[in-house]
Amino acid sequence: QVQLVESGGGLVQPGGSLRLSCAASGSIFAPFSIFTMGWYRQAPGKQRELVASIVSGGSTNYADSVKGRFTISRDNAKKTMYLQMNSLKPEDTAVYLCTVTIRARDYWGQGTQVTVSS
């Protein structure tokens, strides 16, 4: 019914930057602006971690580990969310997944790989 597709991942050197995108499509019969969205990340053998979230009014929240380096944003007209990642560290290496909550149900993308390595 609702599909999320992440893009923008890749291999970068420490200190580099990437911008992730999450595009929503499908049966969304409500103003997209009212939905909360977020980015999670998960490395092999580790628990999923909430990286950042953004609510309908634009307020944002970040994990302490990324605060000051990452910026979450959204374009409601395009039904798209972004995660700008600067000053990347090897510890940021993970699969990044986007999520949106619509009518009390969470929808997930398939994820995009981010690898930070020299």
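The structure this text deals with has already been given above.
Structure report, in brief. (Residues numbered from 1 in each chain as written. Predicted model: local features only at pLDDT ≥ 70, side-chain atom pairs only at ≥ 80, totals over all residues. Heavy atoms only, no water.)

## Things to note about the sheet that holds strand β1 (residues 2-7)
Reading across from one edge, β1-β3-β8-β7 is the order of the four strands in this open sheet, with antiparallel pairing throughout. Of all strands in the sheet, those with a lone pairing partner are β1 and β7 (70-75), marking the two edges. If you compare each strand with its neighbour and ignore which way they point, the axes differ by 15° on average. Summarising the sheet, strand β3 (residues 18-26) and strand β8 (residues 80-85) pair through six bridges and their orientation is antiparallel. If you follow Leu18 over to β8, its bridge partner there is Met85. (Pairing = 2+ DSSP bridges. Helix = DSSP H or I, 4+ residues; strand = E, 2+ residues; numbered from the N terminus. Axes fitted to C-alpha atoms, helices over the stretch in contact; angles between N-to-C directions.)

## Remarks on the packing of aromatic side chains
Inspection of every chain in the model, using the stated rule, returns two aromatic pairs. Ring centres 4.9 Å apart and planes at 55° place the aromatic pair Tyr40 and Trp108 in the tilted group. Here Tyr40 is found in strand β4 (residues 36-42), whereas its partner Trp108 is found in strand β10 (residues 105-108), with 68 residues between them in sequence. The side chain of Arg48 reaches across the aromatic face of Tyr40, ending 4.9 Å from its centre. (Phe/Tyr/Trp six-rings, centres within 6.5 Å; stacked < 30°, edge-to-face > 60°. Lys NZ or Arg CZ within 6 Å of the ring centre and 35° of its normal.)

## Focus: the pairing of β4
Where a strand is regular, its side chains alternate between the two sheet faces. By the criterion of burial, β4 is predominantly enclosed, with five of the seven residues buried. Where β4 and strand β9 (residues 94-102) come together, seven bridges link them in antiparallel fashion. The partner of Thr36 across the bridge, within β9, is Thr101. Judged from the five bridges that link them, β4 and strand β5 (residues 49-54) form a sheet pairing that is antiparallel. If you follow Gly38 over to β5, its bridge partner there is Ser53. (Buried < 20%, exposed > 50% of the residue type's maximum accessible area, 1.4 Å probe, protein only.)

## Points about the state of the cysteines
Under the definition given, this model contains one disulfide. Between Cys22 and Cys98 runs a disulfide, and the two sulfur atoms are separated by 2.0 Å. Disulfide Cys22-Cys98: torsion about the S-S bond near 60°, hence right-handed. Placement of the pair is Cys22 in strand β3 and Cys98 in strand β9, with a sequence separation of 76 residues. Residues Cys22 and Cys98 agree in their burial class; the two are buried. (Disulfide = S-S within 2.5 Å.)

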